[in-house]
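Examining the three-dimensional arrangement
Residue-level listing of the chains:
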Amino acid sequence: MGEASREIMRQARRQVPEWSTVKVHESLAHQHEAGPEHQDIVLVDVREKHEWSEGHIPGALHVPRGYLELQIEAVPDKTKTVVLYCAGGIRSLMAGTTLQQMGYKEVISMAGGFGAWKGKGLPFVQPRTLSEAQAKRYSRHLLVPEVGEEGQLKLLDARVLLIGAGGLGSPAGYYLAAAGVGTIGIIDADVVDESNLQRQILHNTKRIGQYKAESARETIEALNPDVKVITHIERLDETNVARIIADYDVIVDGTDNFPTRYLLNDAALMANKPVVHGSVFRFEGQLTVFKPYEGPCYRCLYPEPPPIALAPSCAEAGVLGVLPGIIGLLQATETVKLVLGIGDPLVGRLMTYDALAGEFNELRLFRDPKCPACGENGHPEDLPTYADVCAIPA
Ligand SMILES: [Zn+2]
């Protein structure tokens with residue numbers, strides 16, 4: 001430190017009173033006991049973000065010194081006692097002179113800073129944050145205030161189940177993985193067939209004959225090592241549905257058969273899990289969100305399955321290869337919204353897309369008070385399930 005800076009420090013010390021770490025700790029403890037109406041001390045950490053992330057004093061506000069003039073508005077009352085701390089007690093002294101110039105009456109610097117606080121064995125907290133690699137990978141999320149670091153941590157903590165790694169599950173799963181959904185479960189008992197590759201982008205030519213769940217896992221893991229993929233190589237049925245969905249927060253339904261839809265609907269109601277439902281046929285797709293007891297369920301709309309002959313899944317239905325990409329991505333979008341708790345999910349709304357017309361439309365869907373599953377006298381636990389008589393793979 002040069003002579004000039006030493007002089008500035010001496011000046012700051014004369015101007016800004018210092019408290020020891022023990023005195024700060026006691027004053028905060030005293031204030032805590034006095035209750036919320038006696039909050040006369042405000043503790044402010046003026047260190048940089050990476051220092052704060054490594055640990056800070058509980059209850060402190062974080063206002064890095066470089067942003068002091070801009071962000072100290074968080075303490076609008078200039079008569080409060082503002083206790084500043086940094087790593088070693090020097091930056092907080094300098095910050096103290098700034099606050100005095102701004103009109104704060106009682107400004108204190110904590111002598112010895114956070115280093116001395118830790119050295120005395122006083123309590124501190126370590127906030128959970130993204131790693132450096134994650135901050136880079138998800139930087140475009142961090143730039144969106146409605147997502148931010150907190151939202152990204154929610155995504156990383158989220159557990160999403162894909163029913164099927166086919167036409168809808170592929171784009172949904174791929175983008176959910178890219179977005180950093182931390183756990184993706186995939187239930188699919190089928191193997192990759194050449195005819196899948198026109199739309200099922202999680203798979204590729206080399207993987208023909210492999211289990212789709214395994215192929216999907218390989219693709220997702222290559223994209224994003226943050227994602228844990230759990231594969232369930234089985235068909236969803238009465239014996240496993242409750243056990244499998246129990247571990248997940250949101251279910252993305254990419255099935256194309258009625259038995260599974262009813263089975264999933266009733267189990268999801270019982271477990272209170274939202275189902276993001278999508279379907280495609282030729283040039284048309286549709287999706288909605290079944291959120292238990294907040295909007296209609298699948299049985300509110302279709303109390304019973306259609307006659308077998310009319311069910312589109314009873315024939316190998318054609319579909320424009322790009323269409324499931326659109327609907328699957330809308331399902332992924334709804335899933336991310338549910339995880340983050342932002343926006344208006346498609347609850348009670350059916351969105352339809354007509355690729356040839358280039359049109360989206362929306363239909364309102366209503367809960368049926370007499371619904372056998374979610375109505376007043378509904379009993380989802382003992383409704384009939386329907387055998388997969390068609391046995392056409394999803
Ligand atoms: Zn219902």
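Quantities reported herein were computed from a predicted structural model and do not represent experimental measurements. (Residues numbered from 1 in each chain as written. Predicted model: local features only at pLDDT ≥ 70, side-chain atom pairs only at ≥ 80, totals over all residues. Heavy atoms only, no water.)

What follows is about the overall build of the chain. The helix and strand inventory of the chain stands at 15 helices and 13 strands. For 394 residues, the compact-globule estimate of 2.2 N^0.38 gives 21 Å, and the C-alpha radius of gyration of the chain, at 28 Å, exceeds that figure by more than 25%. Considered along the principal axes of its C-alpha atoms, the chain spans approximately 90 × 50 × 40 Å. Looking at the chain as a whole, 46% of its 394 residues qualify as buried. Counting every atom, the chain has about 19,600 Å² of accessible surface; 53% of that belongs to carbon and sulfur. Of the side chains in the chain, 38 bear a positive and 50 a negative charge, and the two mean positions are spaced by 7 Å. (Helix = DSSP H or I, 4+ residues; strand = E, 2+ residues; numbered from the N terminus. Rg over C-alpha atoms; globule rule 2.2 N^0.38 Å. Buried < 20%, exposed > 50% of the residue type's maximum accessible area, 1.4 Å probe, protein only. Areas by Shrake-Rupley, 256 points an atom, 1.4 Å probe, with all protein chains shown as cover. Lys, Arg positive; Asp, Glu negative; His and termini not counted. Charge placed at Lys NZ, Arg CZ, Asp CG, Glu CD.)

Time to look at the sheet that holds strand E10 (residues 275–281). Across the sheet, eight strands lie side by side as E8-E7-E6-E9-E10-E11-E12-E13; this open sheet has mixed pairing. The open sheet has two free edges, formed respectively by strand E8 (228–232) and strand E13 (359–364), since each of these has just one partner strand. Going across the sheet, the axis of each strand differs from the next one's by a mean of 15°, ignoring polarity. Contacting strand E7 (183–187) and E8, helix H11 (residues 212–223) runs over the sheet at an angle of about 175° to E8. (Pairing = 2+ DSSP bridges. Axes fitted to C-alpha atoms, helices over the stretch in contact; angles between N-to-C directions. Contact = heavy atoms within 4.5 Å.)

Turning our attention to the pattern of salt bridges. Taken as a whole, this structure holds 17 salt bridges when the rule is applied. Note that arginine 91 is salt-bridged to glutamate 51, the shortest N-O span being 2.9 Å. Residue arginine 91 is found in helix H5 (residues 91–101), and its partner glutamate 51 is found in helix H3 (residues 49–53); the two are separated by 40 residues along the sequence. Of the residues examined, arginine 91 reaches a relative accessible area of 24% and is grouped as partly exposed. (Salt bridge = Lys/Arg side-chain N within 4 Å of Asp/Glu carboxyl O.)

Tallying each qualifying case throughout the model produces six aromatic pairs. Through a chain of ring-to-ring contacts, the aromatic side chains of Tyr262, Phe290, Tyr298 and Tyr302 assemble into a single cluster. Its end group placed over the ring of phenylalanine 114, arginine 47 keeps NZ or CZ at 4.4 Å from the ring centre. Just above the ring of phenylalanine 258 sits the side chain of arginine 261; from NZ or CZ to the centre is 5.3 Å. (Phe/Tyr/Trp six-rings, centres within 6.5 Å; stacked < 30°, edge-to-face > 60°. Lys NZ or Arg CZ within 6 Å of the ring centre and 35° of its normal.)

This part covers the coordination of the zinc ion. Protein coordination at the zinc ion comes from Cys297 (SG), Cys300 (SG), Cys371 (SG) and Cys374 (SG), with a distance range of 2.2 to 2.3 Å. Coordination at the zinc ion is tetrahedral: its four donor atoms span angles of 93 to 123° at the metal. (Donors = N, O, S within 2.8 Å, 3.2 Å for Na, K, Ca; no water. Tetrahedral: all angles 85-135°; square planar, octahedral: opposite > 155°, others 65-115°.)

Nonpolar side chains tend to gather and get buried jointly when the protein is soluble and globular. Leu176, Val181, Ile184, Ile186 and Ile220 are the most contacted members of the largest nonpolar core, which totals 35 residues. Breaking this core down by element, the ones donating at least two residues are strand E6 (159–163), helix H10 (169–179), E7, H11, strand E9 (250–253), strand E11 (284–290) and helix H15 (323–340). Looking at which element gives the most residues to this core, the answer is H15, with seven residues. Counting 18 residues, the second-largest nonpolar core is a separate cluster that includes Ile163, Val241, Tyr248 and Leu264. (Core = buried A, V, L, I, M, F, W, Y, C linked by side-chain atoms within 4.5 Å.)

Our next topic: unusual backbone geometry. Even without glycine at this site, asparagine 272 takes up a positive phi of about 55°. For asparagine 272, the position within the fold is in the loop between helix H13 (258–271) and E10.

Direction vectors running N to C along H10 and H11 enclose 30°, while the axes themselves pass 9 Å from each other. Relative to H11, the element H10 lies roughly parallel. When the axes of H10 and H11 are compared, the crossing they make is right-handed. The residues of H11 that touch H10, namely those facing Gly173, Tyr174, Ala177 and Ala178, are Thr219, Ile220 and Leu223. (Parallel < 35°, antiparallel > 145°, perpendicular 65-115°, else oblique. Left-handed = near helix turned anticlockwise from the far one by under 90°.)

So, about H15. Taking 1.5 Å as the rise per residue, H15 with 18 residues should run 26 Å; its terminal C-alpha atoms sit 26 Å apart, in good agreement. Burial within H15 is extensive, with 13 of its 18 residues counted as buried. Looking one or two residues beyond H15, the residue adopting positive phi is glycine 341, at roughly 70°. (Expected span 1.5 Å × (residues − 1).)

Bringing the sheet that holds strand E5 (residues 106–110) into the picture now. One open sheet accounts for five strands, arranged E1-E5-E4-E2-E3; its pairing is parallel. A strand with exactly one partner marks an edge of an open sheet, and here the two such strands are strand E1 (18–19) and strand E3 (61–62). Direction of pairing for strand E2 (residues 41–45) relative to strand E4 (residues 81–85): parallel, over a ladder of five bridges. By the bridge assignment, leucine 43 is partnered in E4 with valine 83.

The next point concerns the packing of H10 against H15. Contact geometry for H10 and H15: axes closest at 7 Å, N-to-C directions at 45°. By the angle class used here, H10 and H15 are oblique. The way H10 lies across H15 gives a crossing that is right-handed. Contacts from Pro171, Ala172, Tyr175 and Leu176 of H10 reach H15 at Pro324, Gly325, Gly328, Leu329, Ala332, Thr335 and Val336.

Tracing the backbone shows leucine 329 in helix H15. For the pair leucine 329 and leucine 168, spaced 161 residues apart in the sequence, the C-alpha separation amounts to 8.0 Å. Look past the residues within four positions of leucine 329 in its chain and what remains in contact with it is Pro171, Tyr175 and Pro324.

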